[in-house]
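Here are the chains, one letter per residue:
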Amino acid sequence: MQEVTETKKQSFLSGLTGQIIIAMVLGAILGIILHNTISPESAQAFSSKIKMLATIFIRLVQMIISPLVFTTLVVGIAKLGDIKTVGRIGGKAIGWFFTASFISLLIGLFYVNILQPGVGLKLEHVDMAAASEVTGKTQNLSFDNFVEHIVPKSIVEAMATNEILQIVVFSIFFGLAAASLGSTVKPIISAFDKLSHIVLKMVNYVMKFAPIGVFGAIAGVFAIRDAEELVITYFKFFGSFLIGIGTLWAILIVIGYIFLKGRMTELLRRITGPLAIAFGTTSSEAVFPKLTEELEGFGVKDKIVSFMLPLGYSFNLDGSMMYMTFASIFIAQFYNVHLDLGTQMAMLLVLMLTSKGIAGVPRASLVVVAATCGMFDIPIEGIALILPIDHFCDMFRSATNVLGNALATSVVGQWENNKE
């Protein structure tokens, strides 16, 4: 029995998840030590250099996302066979995504009103200039921009910029056209299928760099942030946010057990690695290829995974949705801007729509929060209040986004299996 336990321990430590957790701990320790022993200027220089490790890892992942999405989705659509099947699965996907988004927004709305983390909060030395990078992007949130993010003018440009939703739109048209031509295009579909397997093999190589990337990301943040000061200053905000995100996790997991029964335990075990990577790098995009692999290993058909995941990464960001209402109303509370229930519900609906049009925008959640504040006469510079703690919130919301998309894909995959 002891030998079995020892073997499991060694397996965990040598596995990807164990390595990532060790990398996070070592990165935090190094960052805290340097923060307390070197000058702020040196810490900033160290942070910018060490974060290159995370940047390299994320770029390695990004280089394979476009070919992976295109090849797997085209093959998946061709295997689905017709517009009717694509419409049925797409309808289920969109229905799930909007329901999950609405629930996530409501959870954020509930806890920010009950716990009121912004009421009576005193924050000194807030760097308003740091918010300019985010507030400068709020003009992107318009109907025109929403359309641009859906309809590609060039598949080459969409691939070059990793516009996942645009690649999805092109791939659906391409896949349906291929399916309509029947057996004559089988060699092309077969070639795409083989290409997708080559790209998935590349995933295994790239993931070996994950612990190094996580180490760089964590060390870089802790080197320039005073952990103790952040805990004291933002204890109520961060604590309230964690209660909200914890509730969302509990709801998602319960829903998973309702639909997947005992298999939910296996799903959670399989996505532990992707969750850890998303948590450490604050990038749910960084785990897209690995999540694809794990969900197919879980038993979801490749045609469902290749269709659901790209859509989910644009429409189903549960953690980010919960954070958006929470952060928007937190800023209103800080500035004593009264928002009645009707106004808050209107804000919720605005967030529901505007958040769907900013796939691929850096720091998308903050951009949406800033734009929403402007719409409801909340000081837009209030975004600077949450910038110091945003990275740590982003760790949790990125992991939550991964959980939400894994669950949505698995449940829709099971529904489709039951129909066959």
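Everything in this summary refers to the structure shown in the same document. Bear in mind the structure is a predicted one, so any value in this text is a computation, not a measurement.

Below, the discussion takes up the overall build of the protein chain. A tally of helices and strands in the protein chain yields 20 helices and 0 strands. A buried classification covers 52% of the 420 residues belonging to the protein chain. Taking the intrachain contacts of the protein chain between residues at least 6 apart in sequence as the baseline, contacts between residues at least 24 apart amount to 86%. If you sum the accessible surface of the protein chain, you get close to 18,500 Å²; carbon and sulfur atoms cover 66% of it.

Along the chain, the position of Ser410 falls in helix α20 (residues 383-419). Among the residues examined, Ser410 registers a relative accessible area of 2% and is labelled buried. Apart from residues lying up to four places away in sequence, Ser410 is in contact with Leu260, Leu267, Leu295, Phe298 and Val300.

This part takes up the environment of Asn36. By secondary structure assignment, the location of Asn36 is in helix α2 (residues 16-37). In this structure Asn36 comes out as exposed when scored by relative accessible area, which is 58%. In sequence terms Asn36 and Ile224 are 188 residues apart; their C-alpha atoms lie 9.6 Å from each other. A polar atom in the side chain of Asn36 sits 3.1 Å from the backbone oxygen of Ile32.

Here we take up the nonpolar core. Of all hydrophobic cores here, the largest spans 119 residues; its most connected members are Phe57 and Phe237. It is α20 that provides the largest number of residues to this core, a total of 16 residues. Once residues lying within four places of it in the same chain are set aside, the contact partners of Phe57 are Val206, Met207, Phe209, Ala210, Gly213, Ile277, Thr281 and Ala286.

On to the packing of helix α12 (residues 235-260) against helix α13 (residues 263-270), then. Running from N to C, α12 and α13 cross one another at 130 degrees; their axes reach a closest spacing of 8 Å. By the criterion of interaxial angle, the relationship of α12 to α13 is oblique. Of α13, the residues touching α12 (which contributes Leu252, Ile253, Gly256, Tyr257 and Leu260) are Arg263, Met264, Thr265, Leu267 and Leu268.

Calculation criteria
Residues numbered from 1 in each chain as written. Predicted model: local features only at pLDDT ≥ 70, side-chain atom pairs only at ≥ 80, totals over all residues. Heavy atoms only, no water. Helix = DSSP H or I, 4+ residues; strand = E, 2+ residues; numbered from the N terminus. Buried < 20%, exposed > 50% of the residue type's maximum accessible area, 1.4 Å probe, protein only. Contact = heavy atoms within 4.5 Å. Areas by Shrake-Rupley, 256 points an atom, 1.4 Å probe, with all protein chains shown as cover. Polar contact = N/O pair within 3.5 Å; in protein donor to acceptor, adjacent residues only side chain to side chain. Core = buried A, V, L, I, M, F, W, Y, C linked by side-chain atoms within 4.5 Å. Axes fitted to C-alpha atoms, helices over the stretch in contact; angles between N-to-C directions. Parallel < 35°, antiparallel > 145°, perpendicular 65-115°, else oblique.

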